[in-house]
Amino acid sequence: MGGFIAQTLAVQHRARVDKLVLLSTDPGGIEADLAAPDVWFELIDTSGTPDEQAQRLLFLLFPNDVAESFYREFGDVVAAVRAQLPVELLNRQSAAMDTWHRNGVASQLREIRVPVLIATGTEDIVIPASNALRLVNAIPGAWLAQFPHGGHAFMAQYPRALADLINSFLAVDRSVLRPV
């Protein structure tokens, strides 16, 4: 939901945003390409043990071959955190995402006049990668980076490459990045 919040801040509080980095996000509203219904159902499903929930979540966030290794290494940590989350909190997050997908800020994206970096995993099934193209086409001068075989949580798959990209983007003089 960080990308949803960042876009809202960028259009509602323009003077406070100097540069914008958007990862694995969509424009909301009718412009957004949504996850398949079965993916959405699994994402909000709170049934099963914390371990079952963790496994389900990791297999949504990463391509299957990558999810398996993340589950082996971090499944117990994700399960422990998942066990601590109240169902009400997850329900409120789901409701907020539903509201975003009814409204969003797609119609206001052209008003963003700061440099924007948009990055996505090419195999994101939670927020389809096609949304990155929608964003880059709507935001004047936006940069696009696509991470091959990356899932929704591609930042955990490519931490160094993404950090280097973001650092480079942030280091470039704003006048060089000025949108047209």
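Here the structure is shown first, and the text comes after it.
Residues numbered from 1 in each chain as written. Predicted model: local features only at pLDDT ≥ 70, side-chain atom pairs only at ≥ 80, totals over all residues. Heavy atoms only, no water.

Caption draft 1: Here's a closer look at the overall build of the protein chain. A tally of regular secondary structure across the protein chain gives nine helices and three strands. For the protein chain, the sequential pattern of α-helices and β-strands runs α-β-α-α-α-α-β-α-β-α-α-α. Taken against the 2.2 N^0.38 rule, which gives 16 Å for 180 residues, the C-alpha radius of gyration of the protein chain at 17 Å falls within 12% of a compact globule. Along the first, second and third principal axes, the C-alpha set of the protein chain runs to 50 × 35 × 25 Å. Across the 180 residues in the protein chain, those meeting the buried criterion constitute 44%. Long-range pairs, those at least 24 residues apart, make up 74% of the contacts in the protein chain between residues at least 6 apart in sequence. Total accessible area computed for the protein chain in this model is approximately 9500 Å², and 56% of it derives from carbon and sulfur atoms. Taken together, the 14 basic and 20 acidic charged side chains of the protein chain have centroids lying 13 Å from each other. (Helix = DSSP H or I, 4+ residues; strand = E, 2+ residues; numbered from the N terminus. Rg over C-alpha atoms; globule rule 2.2 N^0.38 Å. Buried < 20%, exposed > 50% of the residue type's maximum accessible area, 1.4 Å probe, protein only. Contact = heavy atoms within 4.5 Å. Areas by Shrake-Rupley, 256 points an atom, 1.4 Å probe, with all protein chains shown as cover. Lys, Arg positive; Asp, Glu negative; His and termini not counted. Charge placed at Lys NZ, Arg CZ, Asp CG, Glu CD.)

Caption draft 2: Layout of the pattern of salt bridges. Scanning the entire structure with this criterion turns up five salt bridges. In this structure, the salt-bridge partner of arginine 14 is glutamate 111, at a minimum N-O distance of 2.1 Å. Of this pair, arginine 14 sits in the loop between α1 (2-12) and β1 (20-23) while glutamate 111 sits in the loop between α5 (87-102) and β2 (116-121), and the two are 97 residues apart along the sequence. Note on arginine 14: relative accessible area 40%, which makes it partly exposed. Given a relative accessible area of 36%, glutamate 111 falls into the partly exposed group. The residue arginine 56 makes a salt bridge to aspartate 45 at a minimum N-O spacing of 3.7 Å. (Salt bridge = Lys/Arg side-chain N within 4 Å of Asp/Glu carboxyl O.)

Caption draft 3: View of helix α6 (residues 130-138). Every buried residue of α6 is accounted for by Asn131, Ala132, Leu135, Val136 and Ala138. What you see down the axis of α6 is that its buried residues fit within an arc of 165 degrees, all on one side. Next to the buried residues of α6 lie α1, β2 and β3 (143-147). (Arc of directions from axis to C-beta.)

Caption draft 4: Just a nonpolar patch on the surface, in detail. Together, Phe74, Val77, Val81, Leu85 and Leu89 make up a nonpolar patch on the protein surface, roughly 380 Å² of accessible area in all. With three residues, helix α4 (residues 64-84) is the largest single contributor of residues to the nonpolar patch. For leucine 85, the position within the fold is in the loop between α4 and α5. Since its relative accessible area comes to 31%, leucine 85 is described here as partly exposed. (Patch = residues over 30% accessible without salt bridge, like charges linked within 9 Å, V, L, I, M, F, W, Y side chains within 5 Å.)

Caption draft 5: Expanded view of the side chain of glutamine 7. Tracing the backbone shows glutamine 7 in helix α1. Excluding its chain neighbours within four sequence positions, the residues that come into contact with glutamine 7 are Leu22, Thr25, Asp26, Pro27, Trp100, Val105, Leu109 and Leu135.

Caption draft 6: Up close: the layout of surface pockets. What the largest pocket holds in volume is close to 490 Å³. Residue assignment for the lining of the largest pocket shows that the elements contributing at least two residues are α1, α2 (37-44), α3 (50-61) and α5. Considering every element that reaches the lining of the largest pocket, the biggest residue donor is α5, with five residues. (1 Å grid on protein atoms, 1.4 Å probe; cavity = no way out; pocket = protein on both sides within 12 Å on 5 of 7 lines; lining within 4 Å. Points joined across faces, edges and corners; volume = space filled by probe spheres on them.)

Caption draft 7: Representation of the side chain of aspartate 124 within the structure. Looking at the secondary structure, you find aspartate 124 in the loop between β2 and α6. In this structure, aspartate 124 is buried with no salt-bridge partner, the nearest side chain bearing the opposite charge being arginine 134 at 13 Å. Within the structure, aspartate 124 has its side chain in polar contact with the backbone nitrogen of isoleucine 127 (distance 2.9 Å). When sequence neighbours within four positions are dropped, the list of residues in contact with aspartate 124 reads Ser24, Ala129, Gly150, Gly151 and His152. (Polar contact = N/O pair within 3.5 Å; in protein donor to acceptor, adjacent residues only side chain to side chain.)

Caption draft 8: Layout of unusual backbone geometry. At serine 24, a position not held by glycine, the phi torsion is positive, near 45 degrees. Tracing the backbone through its elements, the reader meets serine 24 in the loop between β1 and α2. One non-glycine residue, histidine 149, adopts positive backbone phi at about 60 degrees. Among the structural elements, histidine 149 can be located in the loop between β3 and α7 (154-157). Residue histidine 149 is classed as partly exposed on the basis of its relative accessible area of 29%.

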